[in-house]
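Tertiary structure, described
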Amino acid sequence: MDHRELEEGSALSLDFAKLKKVAACGTDVIPTVVQNADTKEVLIIAYVNDEALRATLATKVATFWSTSRKELWIKGATSGDTLDLAEVRVNCEQNSLLFLVRPRRGGVCHTKDAAGHTRPGCFYRVLTADGLAPAPQS
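The paragraphs below set out a description of the structure included in this document. Just so you know, these numbers come straight off a predicted model, no measurement behind them.

1. Quick notes on the overall build of the protein chain
The helix and strand tally for the protein chain stands at three helices and eight strands. Walking the protein chain from its N terminus toward its C terminus, one meets helices and strands in the order α-α-β-β-α-β-β-β-β-β-β. The C-alpha radius of gyration of the protein chain comes to 15 Å, within 12% of the 14 Å expected for a compact globule of 138 residues. Scored against the burial criterion, the 138 residues of the protein chain give a buried share of 32%. Within the protein chain, counting contacts between residues at least 6 apart in sequence, those at least 24 apart form 41% of the total. For the protein chain, the computed accessible surface area is about 8800 Å², with 54% contributed by carbon and sulfur atoms. Computing the positive centroid from 17 side-chain charges and the negative centroid from 17, the protein chain places the two 3 Å apart.

Written out as structure tokens, the structure reads:
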């Protein structure tokens, strides 16, 4: 399946091998849920290593570890869709994080809607009995 169909289509094609790929990235990382501090909408799921966490805390800008590019990923560095850090929470087992953020511009996802605007979050489709459908607008 090509990227356009994966990101915009209605066919379900879940990547159940994603964690194998993450484990093979060569860097120890933990999953990080990124949530809008004001609306509580879950925006993205990303991965953070020690370096990314230290950078996030120092700059107050959400920074992740790109498991595919194997480098720091400062959210918004190229797109302008920067996420300002409000708070970091740690789960009970200390094996995942929650970043509460405030988007500077409103867009977060690397995909764009039909009007060409950056989507506000990455969870823009709903799983139905027939595949995927657009999520209701909130």
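Now that the structure has been shown, the text picks up again.
2. Thoughts on the packing of aromatic side chains
Describing an aromatic ring pair means giving the distance of the ring centres and the angle of the ring planes. Counted according to the given criterion, the structure contains two aromatic pairs. Pairing Phe 64 with Trp 73 gives two aromatic rings, centres 5.1 Å apart and planes at 50°, and the pair type is tilted. Taking relative accessible area as the criterion, Phe 64 reaches 0% and is therefore assigned buried. Ring centres of Phe 64 and Phe 99 lie 5.8 Å apart, and the angle between their planes is 25°; on these two criteria the pair is classed as stacked. One end of the pair, Phe 64, is in strand β3 (residues 63-66); the other, Phe 99, is in strand β6 (residues 97-103), with 35 residues separating them in the sequence. As far as the burial class goes, Phe 64 and Phe 99 line up, both buried. Here a set of aromatic residues connected by ring pairs shows up, and it is made of Phe 64, Trp 73 and Phe 99. Over the ring of Tyr 124 we find Arg 119, and its NZ or CZ is 3.8 Å from the ring centre.

3. Describing a nonpolar patch on the surface
The grouping of Leu 12, Leu 14, Phe 16 and Leu 127 at the surface amounts to a nonpolar patch, some 490 Å² of accessible area in total. Position of Leu 127 relative to the elements: it lies in strand β7 (residues 125-128).

Thresholds, definitions, all that
- All chains use their own residue numbering, which begins from 1 and follows the written sequence.
- Note on the predicted model: pLDDT of at least 70 is required for a residue's local features to be given, and 80 or more for side-chain atom pairs to be given and counted; whole-chain, interface and lining totals, by contrast, use all residues.
- Only hydrogens and water are removed before side-chain values are computed, so all heavy atoms of the structure are retained for them.
- The secondary structure listing takes helices from DSSP runs of H or I that are at least 4 residues long and strands from runs of E that are at least 2 residues long, numbered from the N terminus.
- Every radius of gyration here is taken over C-alpha atoms, with the globule rule written as 2.2 Å times N^0.38, N being the number of residues.
- Exposed residues in this analysis have more than 50% of their type's maximum accessible area, buried residues have under 20%, and partly exposed residues fall in between, with area computed by a 1.4 Å probe over protein chains only.
- Contacts between residues were defined by any pair of non-hydrogen atoms, one from each residue, lying within 4.5 Å.
- Here, Shrake-Rupley sampling with a 1.4 Å probe gives the accessible areas, and only protein chains in the shown set may cover a residue.
- Charge assignment: positive for Lys and Arg, negative for Asp and Glu; neither His nor the chain ends contribute.
- Taken as the charge centre is NZ of Lys, CZ of Arg, CG of Asp or CD of Glu, depending on the residue.
- Whether two aromatic rings pair depends on their centres lying within 6.5 Å, for rings of Phe, Tyr and Trp, where Trp uses its six-membered ring; planes under 30 degrees apart make the pair stacked, over 60 edge-to-face, and the rest tilted.
- Remark: a charge is flagged as sitting over a ring if the NZ atom of Lys or the CZ atom of Arg is within 6 Å of the ring centre and within 35 degrees of the ring normal.
- Without a salt bridge and with relative accessible area above 30%, a residue can belong to a patch; like charges are then joined within 9 Å and nonpolar side chains (Val, Leu, Ile, Met, Phe, Trp, Tyr) within 5 Å.
- Each reported salt bridge corresponds to a side-chain nitrogen of Lys or Arg within 4 Å of a carboxyl oxygen of Asp or Glu.

Keep in mind these numbers describe shape, not what the thing actually does.
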